[in-house]
Amino acid sequence: MSVIGYTTGVFDLFHIGHLNILKRAKEHCDYLIVGVTVDELVSYKGKRAFIPYEERAAIVGAIKYVDEVVPQESMDKMEAWKKLHFDKMFVGDDWKGTDVWKHWEKEFSKVDVEIIYFPYTKQTSSTELRDALKALK
């Protein structure tokens, strides 16, 4: 039986932190599905994507660790599980211990989904890249 993994992200201004999480996720599963956040949902961060969804999805889909790209149209992770039936979910450890992820840990334990937290890549962030681009304008 193959292990299906799932992770999500905006993947705007793709950088080494994004690549690291995809590589590490693939090390823990046989088939990796990546939910790329649609433009309309990016606003949950109070921002807009520099790169349109279709291009971000194409970039992520070209990564050798990724087996399938799906649109993330909702922040409801259980809704994604009902569609995709993944066994493991991968998240940056900057979310570990937050109320949101404590909730998801409880919900996913009911359906035997393991949540694996990976170290956040501190040297590069999309926020820093975005701020640098704004400063150049």
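Residues numbered from 1 in each chain as written. Predicted model: local features only at pLDDT ≥ 70, side-chain atom pairs only at ≥ 80, totals over all residues. Heavy atoms only, no water.

Caption draft 1: Region of the structure containing the overall build of the chain. Scanning the chain for helices and strands turns up six helices and five strands. Ordered by position in the sequence, the α and β elements of the chain form the string β-α-β-α-α-β-α-β-α-β-α. Within the span of the chain, comprising 137 residues, buried residues form 42% of the whole. Sequence-distant contacts, at least 24 apart, represent 78% of the contacts inside the chain between residues at least 6 apart. Summing over all exposed atoms, the chain offers an accessible surface of approximately 7900 Å²; the carbon and sulfur share of this is 54%. (Helix = DSSP H or I, 4+ residues; strand = E, 2+ residues; numbered from the N terminus. Buried < 20%, exposed > 50% of the residue type's maximum accessible area, 1.4 Å probe, protein only. Contact = heavy atoms within 4.5 Å. Areas by Shrake-Rupley, 256 points an atom, 1.4 Å probe, with all protein chains shown as cover.)

Caption draft 2: Seen up close, the pattern of salt bridges. Considering all chains together, one arrives at four salt bridges under this definition. Across the pair R56 and D39 runs a salt bridge, and its minimum N-O distance is 2.6 Å. Of this pair, R56 sits in helix α3 (residues 53-61) while D39 sits in helix α2 (residues 39-42); the two residues are 17 residues apart in sequence, bridging distant segments of the chain. The buried category is assigned to R56, whose relative accessible area is 0%. Close ionic contact of K88 with E114 constitutes a salt bridge, the shortest N to O distance being 3.9 Å. (Salt bridge = Lys/Arg side-chain N within 4 Å of Asp/Glu carboxyl O.)

Caption draft 3: View of the nonpolar core. Core analysis: the biggest nonpolar cluster contains 19 residues, and L22, L32, V34, V60 and F90 have the highest contact counts within it. Among all residues touching V60, those that are not within four sequence positions of it are F11, F14, L22, V34, V36, V66 and V69. Grouped together as the second largest cluster of nonpolar side chains are 16 residues, I33, V70, A80 and F86 included. (Core = buried A, V, L, I, M, F, W, Y, C linked by side-chain atoms within 4.5 Å.)

Caption draft 4: Spatial organisation of the sheet that holds strand β3 (residues 68-72). Spatially, β3-β2-β1-β4-β5 is the arrangement adopted by the five strands of the open sheet, whose pairing is parallel. Of all strands in the sheet, those with a lone pairing partner are β3 and β5 (114-118), marking the two edges. Geometrically, the sheet is characterised by an average inter-axis angle of 25 degrees between neighbouring strands, direction not taken into account. Both strand β1 (residues 4-9) and strand β4 (residues 88-92) contribute to a ladder of two bridges, which runs parallel. Within β4, the position partnered with Y6 by the bridge is M89. The strands that α3 touches are β2 (31-37) and β3; relative to β2, the one it contacts most, it runs at about 160 degrees. Along the sheet, helix α5 (residues 99-109) makes contact with β4 and β5, crossing β5 at roughly 145 degrees. (Pairing = 2+ DSSP bridges. Axes fitted to C-alpha atoms, helices over the stretch in contact; angles between N-to-C directions.)

Caption draft 5: The arrangement of a negative patch on the surface in detail. Together, E40, E54, E55, E73, D76 and E79 make up a region of like negative charge exposed at the surface. Positionally, E55 belongs in helix α3. The class of E55 is partly exposed, set by a relative accessible area of 47%. (Patch = residues over 30% accessible without salt bridge, like charges linked within 9 Å, V, L, I, M, F, W, Y side chains within 5 Å. Lys, Arg positive; Asp, Glu negative; His and termini not counted. Charge placed at Lys NZ, Arg CZ, Asp CG, Glu CD.)

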